[in-house]
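Read off the chains here:
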Amino acid sequence: KAGVTQTPRYLIKTRGQQVTLSCSPISGHRSVSWYQQTPGQGLQFLFEYFSETQRNKGNFPGRFSGRQFSNSRSEMNVSTLELGDSALYLCASRESQETQYFGPGTRLLVL
Amino acid sequence: DAKTTQPPSMDCAEGRAANLPCNHSTISGNEYVYWYRQIHSQGPQYIIHGLKNNETNEMASLIITEDRKSSTLILPHATLRDTAVYYCIVRGDSNYQLIWGAGTKLIIKP
């Protein structure tokens, strides 16, 4: 099976803009989770979607949002970008109670 | 979810076994121990997980103490490509959110 894919891999935006990142899970996986990784804070959980419903949410402001489509693909959106949003954004997928598998990440740079 | 404690860094000679310790003294009965690694800021790679028994797969072995308060990940014959940050994570069986610590930076030396 193909692994988790994320697009784009690299992105440069300016403060105040908004950005949408995409994640395609492993075929058959219905859960998608998003994480943010920064040098200062490490890996932090953003949210999880299962069957198009958000199941868990981390401690991030409302500027961070996501959604999941009927084919399990997921997008996350960050509005009104801040410099501190520069990070590696990781997506992970899993089957019902199984291990999470991660994609390569999208590296976002906010200038 | 229980927290984990790992040494910040370790060295190992190429070809030798790398033994990475993890303390999870507050682990509860239904929580699994997971190990991932991350190479050069790529996406984390799943290695192995276990509940009570020792586990082995093609990548590594996981040894969990009888009281489950600590575990050791063993890479039997380390290669230079095993240089990475290794994360030990405790995960409940109802909440799949992974809580990440700082991990152990493992450096394999030739």
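Let us look at the structure shown here. As the structure is a computational prediction, the values presented were derived from the model and not from experiment. (Residues numbered from 1 in each chain as written. Chains lettered and ligands numbered in written order. Predicted model: local features only at pLDDT ≥ 70, side-chain atom pairs only at ≥ 80, totals over all residues. Heavy atoms only, no water.)

### Examining the overall build of chain A
For chain A, the helix and strand inventory stands at zero helices and 11 strands. Its helices and strands in sequence order give chain A the pattern β-β-β-β-β-β-β-β-β-β-β, from N to C terminus. For 111 residues, the compact-globule formula gives about 13 Å, and the C-alpha radius of gyration of chain A, at 13 Å, lands near that figure. Counting all 111 residues of chain A, 48% fall into the buried class. For chain A, long-range pairs separated by at least 24 residues make up 52% of all intrachain contacts whose partners lie at least 6 apart in sequence. Carbon and sulfur atoms make up 47% of the accessible area of chain A, which totals about 5,400 Å². (Helix = DSSP H or I, 4+ residues; strand = E, 2+ residues; numbered from the N terminus. Rg over C-alpha atoms; globule rule 2.2 N^0.38 Å. Buried < 20%, exposed > 50% of the residue type's maximum accessible area, 1.4 Å probe, protein only. Contact = heavy atoms within 4.5 Å. Areas by Shrake-Rupley, 256 points an atom, 1.4 Å probe, with all protein chains shown as cover.)

### Re a nonpolar patch on the surface
A cluster of nonpolar residues, I12, L109 and L111 of chain A, forms a patch on the protein surface that exposes about 300 Å² of accessible area. Considering the arrangement of structural elements, one finds L111 of chain A in the segment after β11 (106-110). (Patch = residues over 30% accessible without salt bridge, like charges linked within 9 Å, V, L, I, M, F, W, Y side chains within 5 Å. Salt bridge = Lys/Arg side-chain N within 4 Å of Asp/Glu carboxyl O.)

### Remarks on the state of the cysteines
Enumeration according to the criterion identifies two disulfides over all chains in this entry. Between the sulfur of C23 of chain A and that of C91 of chain A lies a disulfide, 1.7 Å long from S to S. A torsion of -55 degrees about the S-S bond marks the disulfide between C23 of chain A and C91 of chain A as left-handed. On the criterion of sequence distance, the pair formed by C23 of chain A in strand β3 (residues 19-24) and C91 of chain A in strand β9 (residues 87-94) is long-range, its members being 68 residues apart. The exposure class of C23 of chain A is buried, given its relative accessible area of 0%. Since its relative accessible area comes to 0%, C91 of chain A is described here as buried. Disulfide pairing is shown between C22 of chain B and C88 of chain B; the S-S distance is 2.1 Å. Between C22 of chain B and C88 of chain B the sulfur-sulfur dihedral comes to about -80 degrees; the bridge is accordingly left-handed. A residue pair is termed long-range when its members are at least 10 positions apart, and C22 of chain B in strand β2 (residues 18-23) and C88 of chain B in strand β8 (residues 84-91) qualify at 66 residues. Residue C88 of chain B is classed as buried on the basis of its relative accessible area, which comes to 0%. C22 of chain B provides the cysteine sulfur closest to C12 of chain B, a residue in no disulfide bond, and the two sulfurs are 18 Å apart. (Disulfide = S-S within 2.5 Å.)

### Quick notes on the interface of chain B and chain A
At the interface, 16 residues of chain B touch 18 residues of chain A. Of the roughly 1,400 Å² buried between chain B and chain A on both sides combined, carbon and sulfur atoms contribute 52%. Across the chain B-chain A interface, the total number found is zero salt bridges. Connecting chain B to chain A are two residue pairs in polar contact (both at pLDDT 80 or more). Looking at the side of chain B that touches chain A, the elements with two or more residues in it are β3 (32-38), β4 (45-50) and β8 of chain B. Per-element accounting of the side of chain B that touches chain A gives the leading share, three residues, to β3 of chain B. A breakdown of the residues in the side of chain B that touches chain A according to their chemical character gives eight nonpolar, seven polar and one charged. (Buried area = accessible area lost by both parts, 1.4 Å probe. Polar contact = N/O pair within 3.5 Å; in protein donor to acceptor, adjacent residues only side chain to side chain. Nonpolar A, V, L, I, M, F, W, Y, C, P; charged D, E, K, R; others polar.)

Purely geometric numbers; function is a separate question.
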